Structures are given as structure tokens and as C-alpha cells.
Amino acid sequence: MEVLHNPVSRLLTGLQAGADIPLRLQLWNGMRHDLGSHPSVTVNVLSPAALRYFVPPSLDNLAEGYVNGHFDVDGLAADIVAAATGLARVGVPMQGKFGRLFSALSHDRTKDAHAIEHHYDVSNDFYRLWLDKAMVYSCAYFPSQTESLGQAQIAKLDHILNKLMLKPGERLLDIGCGWGALALRAAQKYGARVVGITLSKNQHALACERVAQAGLGNQVEIRLQDYRDVSARDGQFDKITSVGMFEHVGLNHLEAYFGKINSLLKDDGLVLNHGITSTDPDSGGTPLGAASFIEKYVFPNGELPHISLALKAIQGAGLEALDVECLRRHYARTLACWSENYEQHSEAIRALVSETTYRVWRIYLAGCAHAFEQNWVSLYQVLACKAGTSKALNPTPWSRAYMYR
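What you see is a predicted model; the values in this text were computed from it and never measured. (Residues numbered from 1 in each chain as written. Predicted model: local features only at pLDDT ≥ 70, side-chain atom pairs only at ≥ 80, totals over all residues. Heavy atoms only, no water.)

**Examining the overall build of the chain**
Logical step 1: The number of helices and strands found in the chain is 14 helices and eleven strands.
Logical step 2: The proportion of buried residues among the 405 residues of the chain is 54%.
Logical step 3: Within the chain, contacts between residues separated by at least 24 positions form 74% of all contacts whose residues are at least 6 apart in sequence.
Logical step 4: Approximately 17200 Å² of the chain is accessible, and the part contributed by carbon and sulfur atoms is 52%. (Helix = DSSP H or I, 4+ residues; strand = E, 2+ residues; numbered from the N terminus. Buried < 20%, exposed > 50% of the residue type's maximum accessible area, 1.4 Å probe, protein only. Contact = heavy atoms within 4.5 Å. Areas by Shrake-Rupley, 256 points an atom, 1.4 Å probe, with all protein chains shown as cover.)

**Considering the pairing of strand β1 (residues 23-26)**
Logical step 1: Here β1 shows a clear split, with Leu 23 and Leu 25 buried on one side and none of Arg 24 and Gln 26 buried on the other.
Logical step 2: Here β1 pairs with strand β3 (residues 41-45) via four bridges, running parallel. Opposite Leu 23, over in β3, you have Val 41 as the bridge partner.
Logical step 3: Note: β1 against strand β2 (residues 32-34), three bridges, orientation antiparallel. In the sheet register, Arg 24 faces β2, and the bridge partner there is Asp 34.
Logical step 4: Connecting β1 to the next strand, β2, in antiparallel fashion are five residues, including Gly 30 with a positive phi near 90°. (Pairing = 2+ DSSP bridges.)

**Some thoughts on unusual backbone geometry**
Logical step 1: Between Val 55 and the following residue, Pro 56, the backbone shows a cis peptide bond with an omega angle of -10°.
Logical step 2: A positive phi angle, near 55°, is found at Met 135, a position not held by glycine.
Logical step 3: Tracing the backbone shows Met 135 in the loop between α5 (124-128) and α6 (149-163).
Logical step 4: Not every positive phi belongs to a glycine, and Met 165 is a case in point at roughly 55°.
Logical step 5: Structurally, Met 165 can be placed in the loop between α6 and β5 (171-175).
Logical step 6: The class of Met 165 is buried, set by a relative accessible area of 16%.

**As for the packing of aromatic side chains**
Logical step 1: Applying the stated criterion to the full structure yields 22 aromatic pairs.
Logical step 2: Here the aromatic rings of Phe 126 and Trp 130 are separated by 5.8 Å at their centres, their planes lie at 75°, and the arrangement is edge-to-face.
Logical step 3: Connected via pairs of aromatic rings, a cluster forms that spans Phe 126, Tyr 127, Trp 130, Tyr 137, Trp 179, Tyr 331, Trp 338, Tyr 342, Tyr 358, Trp 361, Tyr 364 and Phe 372.
Logical step 4: Positioned above the aromatic ring of Phe 237 is the side chain of Arg 171, whose terminal nitrogen or guanidinium carbon lies 4.1 Å from the ring centre.
Logical step 5: Across the ring face of Phe 142, the terminal group of Arg 333 is positioned such that the distance to the ring centre comes to 5.5 Å. (Phe/Tyr/Trp six-rings, centres within 6.5 Å; stacked < 30°, edge-to-face > 60°. Lys NZ or Arg CZ within 6 Å of the ring centre and 35° of its normal.)

**What to know about the pattern of salt bridges**
Logical step 1: On inspection of all chains with the given rule, the structure shows 18 salt bridges.
Logical step 2: Asp 323 is the salt-bridge partner of Lys 163, the closest N and O atoms lying 3.7 Å from each other. Note that Lys 163 is positioned in helix α6 and Asp 323 in strand β10 (residues 319-326), a separation of 160 residues in sequence.
Logical step 3: Salt-bridge contacts for Arg 350 lead to Glu 355; the nearest nitrogen and oxygen are separated by 2.8 Å.
Logical step 4: The class of Arg 350 is partly exposed, set by a relative accessible area of 40%. (Salt bridge = Lys/Arg side-chain N within 4 Å of Asp/Glu carboxyl O.)

**Describing the environment of Val 211**
Logical step 1: Inspection of the secondary structure assignment puts Val 211 in helix α8 (residues 201-213).
Logical step 2: Val 211 sits 27 residues away from Leu 184 along the chain, and the two C-alpha atoms are 7.0 Å apart.

**Let's talk about the sheet that holds strand β4 (residues 71-74)**
Logical step 1: Pairing is mixed in the open sheet, where four strands are placed in the order β2-β1-β3-β4. Single-partner strands in this sheet number two, and they are β2 and β4. Between one strand and the next, the sheet's axes are offset by a mean angle of 15°, whatever the strand orientation.
Logical step 2: Packing against the sheet, helix α3 (residues 77-91) makes contact with β1, β3 and β4, and its axis sits at approximately 75° to β3. (Axes fitted to C-alpha atoms, helices over the stretch in contact; angles between N-to-C directions.)

**A short note on the sheet that holds β10**
Sheets are built from strands that pair by backbone hydrogen bonding, the pairs being arranged parallel or antiparallel.
Logical step 1: With mixed pairing, the seven strands of this open sheet are ordered in space as β7-β6-β5-β8-β9-β11-β10. Taken across any chain shown, the strands that pair with only one partner, and hence form the sheet edges, are β7 (220-224) and β10. Across the sheet, the axes of successive neighbouring strands diverge by a mean angle of 15°, strand direction being ignored.
Logical step 2: Of the pairings in the sheet, the one linking β5 to strand β8 (residues 237-243) comprises four bridges and is parallel in character. Bridge pairing links Leu 172 to Lys 239 in β8.
Logical step 3: Together, β5, β8, β9 (265-278), β10 and β11 (377-386) form the strand contacts of helix α9 (residues 254-264), whose direction differs from that of β9 by roughly 155°.

Printed below as a string of C-alpha cells:
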């Protein structure tokens, strides 16, 4: 390693700060600086100006520099995120603006529609390259830890529908139906009649196509619709699912969201909410600056409540939580699978999207896997019915054994 000259030397030596981070900085002038004894990741810094993204080395600063091409990074995505986190832990405080701040955002129909379009309408072909065959874009379920991604996604769909005790002929409302996997499963295996709603034009088009191909047009209806516009004219539903949806609702709107669900649910019905949560009791964002990057590039207007806030909103909306299950480890594995698929199909993905989009999603998937592993975020399934003293409101058995048939 050549000797570096001030002020660059002071900056890079300060970054090391006694930590053993498996990271090599390769500078524009050919000089390099190792921050650990066995670097598995190399950052190719393309100009002196790029060093500003290391001051401080927060996760949003580092991601910003990478996705906008100010430096290139060699290494596996998971190793890149781990090294970046190590760097951030050395140079960034876990409090203040880099800590887990609560910041409720404003939400309305236009903002929510644009947020959904930004996240889900990259292209169907883009998602098809790294999701499973059924294109399920939510946490999978690995009950024996030996399932493939595809098997685990089917297991997740069945886990949800078994918890709901879905029966032939029942009406199911699937809020945020994605590309229709759960709606199709509910109709094909369980014999339900399903209404699926989404705000994504791309998801709507493909889901409708898949319903037609399956010959289920008389059993499944896919709508391009806001959940707030499902009205009393649609009647009430026996069962309601919300999978990966309430993250878009907003912290200040959760009770209204669950209140809407309550109004659409029959008195003896069941609802299952499957969603990502903050592990901060105050519903703060992910630490070390990661939340800023996600808000700007991937998930605008997304907000994660702590599970306690979600349960408070459910209760406040007149529902009773019957079962609460944490699937944090399952989502860490799901995201690791997605990230590995993404790496394996990098050339095909680059041919579909811009280099910036490719880099954003590469870091996002690996970063989210890391966040779930570190317990920065979690995921819960909450099963609920209408609250009250009448036995008729709760149709579930006294044992949970039925969920695992």
C-alpha cells in the first residue's frame, strides 16, 4: 500500500478508526487503502469529488454515491452491504438525523398512487427475473427451512388462507393483490370468489391476464382501485387479506385503514394483515441513514409502524387481534433469495433498466435482507375479527392447530 498524502490520508485513516472492515478503497490515482485485513469488497473511487459521500459514511450517503455512478463497487451484494454497514457504524452516530427518527408523512390518493407506480411499475419483466414463478412479492414462509423460494411462497399463501379458514364459495377481498398469486390460489385450491385490488397498472394488467389464462374469470375479479373506493355497493366480505399493503397507508391513517376493513367485513368474518413493521417502539426509521435512501429511491411515502402501534390501530378500529406471528427471519431469507437471483440475472436486468435503477434495486434488496437480519425491521401477520362479546363474531377454534393442517 502506498502512502497517502494529506488531506486524503487523514480522511481515509479516520474512516478506519481501528475497525476491521473488509473493504478496500481503490483511488482514481491508482493508490489504495485497506480498512481491514481481508477485504472482500473493493470500492473504485473515480474522482476526488466522490470522497464527499464518505463524509460522513452514512448508508444513504454511500448508496447515493454508488447509484449515481460516483464510484463502482466490486463484490457480492450481501458483502457490499455488510461492509457499508461496518463503515457507517464507525463514522455515523446512531442518534440524531442518522438515528431512528419518527417522521409521519402526509398521504392522499394522488401521492399514494404515485408511490405505488414508482415502486411497482418498473416493469413486469424486471420483477419476473428475480421473483419466483408465481411472482409473489412479499415475505415467503419456510416452515422446514429446506423449501425453495417458490415452495416457500406457496407455503406462505396457504398459511394465510388456512389462518383465515377460507371455504368454498366465500367472498375474499385481497387489498394490494400484486400480480394475483394469492387471488388465484384462493380460487383454485380453496374455491373462493375473490376481488383483488391494486393501484399498479402493470400489476393489474398481468393479474387480469393470469386470471383469464387460468379460466377463473367467473371467480376472480382484479380491479385497478384504491381501497378507499371499495364501497357498500360491493357488499361485505367473508374474509379480507392485506399483504404488503399497510406499509403504504401512513402512520396517521392506520386506524382509518383498519376501520375501512372493519366496515367491509362480515360479522363472522376474519381479516389477516401481513406487513413490515419497525422494531423501534417509537416507529422510527431504520438507523445509520438507510431510511433516507429508501424514501428517496425505492419506497416514497412508505412508513413502518411498530407492531404495538399496528395493534393499537386494529383495536381502535373495532377489531380484535386473535393471532400475532413474527416472520422476521423468514423475510431475511426471502430477501436473500431475491438478492441472489438478482445477482445471477444482472446482465438481463441491466438490459431492461437504466444503470441507476439496476444499482438502486441491487443495494435495496441486499440492504433489506441485512436490515431484517439485524432486527432493524420485522414482519408480522395479524389475524383479527370484529371485536365484541358475541360468540358469533369469532369463528376460530380454541386451538391454533387448524392453522398448520
